[in-house]
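# Report on the structure
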Amino acid sequence: MSAETTSLSARTDRRRALISLTPLIDVVFILLVFFMLASSFLDWRAIDLSPPVKAGGGAPLEGSLLIDIRVDTLGLAGEVMNLEALAARVGGLTAGKPDRPVILRPAADVSLQRTVEVLDRLKATGVTGMSLIRGRDSL
Amino acid sequence: MNRLAARRRARQSGDDSVLPLINVVFLLLIFFMLAGRLASGDPFEIAPPKSLTDGDPRAQEMLVLLSGDGRIAVDGEVVEREALAGVLKTASAAQVRLKADGGVNAVEVVALMELLRDAGVESLDLLTLPAAR
């Protein structure tokens, strides 16, 4: 009985001597620091856009909606309105025709953030085929 | 003799108290390996636009960056404006992710999109970050 216990403790002693804990901890810490520094938790989202249509390219633009984005107002077919009214109007016009193209034309001093807000709101109403163009004056 | 035994016990108990530490470190390691995504750093800082959209970016062929001061990078390499058309032509990607600064003029982004269209791009994803609630 006592011989058995001594041989058992000898075996565990040998195992403990074989894999020393300190280098293992070193390696694990290095891996941990690497993954902490190299990984990113940014949650990227994407807005799907079509490339801008070519001016005078002959592509039929009939039936597409043209929305003017200005710094504090929006325009649809020459009518000035705010974002909520525009979303309701566009939602009504594209109801049943979800792939009806919607073209947004930001004015020269509009930031991308403002454009993205409009894109967001229109996407929430179910518009899918959105693209951006720029006006002739901002070339 | 008695002191020797006490020291050995102390060393053993020190060894044992390392084990929970290793457990925690392993857990952290596995968490960071699984939860984080390895991201290649961008060549310049970009503050992307905030949006409420929930579209997941698709895996796409090319990543184009446009910084707030007008610098452009394609797939992590800064490209001069004059050389851009050539670089885009040789890359000839049909799907592109576009990461642009939220403060940049929208007209500049559209100009970049026109260049991409001329290079044969058929669809592009505008990358955004979710707005903080």
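Each value, and the rule that gives it
Residues numbered from 1 in each chain as written. Chains lettered and ligands numbered in written order. Predicted model: local features only at pLDDT ≥ 70, side-chain atom pairs only at ≥ 80, totals over all residues. Helix = DSSP H or I, 4+ residues; strand = E, 2+ residues; numbered from the N terminus. Buried ≥ 20, exposed ≤ 12 C-beta atoms within 10 Å, placed from the backbone. Contact = placed C-beta atoms within 7 Å. Nonpolar A, V, L, I, M, F, W, Y, C, P; charged D, E, K, R; others polar. Pairing = 2+ DSSP bridges. Expected span 1.5 Å × (residues − 1). Core = buried A, V, L, I, M, F, W, Y, C linked by C-beta atoms within 7 Å. Arc of directions from axis to C-beta.

Looking only at helices and strands, one finds four helices and seven strands in chain A. For chain A, the α and β elements follow one another from N to C terminus as α-α-β-β-β-β-β-α-β-α-β. Out of the 139 residues belonging to chain A, those deemed buried represent 24%. Within chain A, contacts between residues at least 6 apart in sequence are counted, and of these 76% link residues at least 24 apart.

On the chain A side, the residues contacting the 45 residues of chain B number 38 residues. Of all the secondary structure elements, the ones that give two or more residues to the side of chain B that touches chain A are helix H1 (2–35), strand S1 (37–38), strand S2 (50–51), helix H3 (106–118) and strand S7 (123–130) of chain B. Of the residues in the side of chain B that touches chain A, the class split is 28 nonpolar, nine polar and eight charged. Pairing of strand S2 (residues 45–49) of chain A with S7 of chain B, which is carried by five bridges, proceeds in the antiparallel orientation. If you follow Arg45 of chain A over to S7 of chain B, its bridge partner there is Thr128 of chain B.

With that settled, the discussion passes to the environment of Gly55 of chain B. Considering the arrangement of structural elements, one finds Gly55 of chain B in the loop between S2 and strand S3 (62–66). Exposure remark for Gly55 of chain B: the 16 C-beta atoms within 10 Å place this residue in the partly exposed category. C-alpha separation for the pair Gly55 of chain B and Val18 of chain B, spaced 37 residues apart in sequence, amounts to 45 Å. Each residue touching Gly55 of chain B, except ones within four places of it in the same chain, is listed here: Arg45, Ala46, Ile47 and Asp48 of chain A.

It is worth spelling out helix H4 (residues 112–124) of chain A at this point. All names here are of chain A. Between its terminal C-alpha atoms H4 stretches 18 Å, which fits the 18 Å expected from 13 residues at 1.5 Å a residue. Looking at H4, one finds that the buried residues are Leu112, Arg114, Thr115, Val116, Val118, Leu119, Asp120, Leu122 and Lys123. Where H4 terminates, the next one or two residues include Gly126, which has phi positive at roughly 105 degrees.

Ranked by size, the top nonpolar core spans 44 residues in total, and within it Val102 and Leu122 of chain A together with Leu66, Val96, Val109 and Leu116 of chain B carry the most contacts. If you tally residues by element for this core, the top one is H3 of chain B, at seven residues. In this structure, Val96 of chain B is in contact with Gln60, Glu61, Met62, Val64, Leu116, Val121 and Leu124 of chain B, ignoring residues within four places of it in sequence.

Okay, helix H3 (residues 83–93) of chain A next. Residue and element names in this part refer to chain A. Within H3, the full set of buried residues consists of Leu86, Ala87 and Val90. Looking straight down H3, one finds that the buried residues subtend no more than 100 degrees of arc, so they occupy a single side. Exposed residues on H3 whose side chains face more than 90 degrees from its buried face are Glu84, Ala88 and Gly92. The inward-facing, buried residues of H3 contact strand S3 (65–69), strand S4 (74–76), strand S5 (79–81), strand S6 (102–106) and H4.

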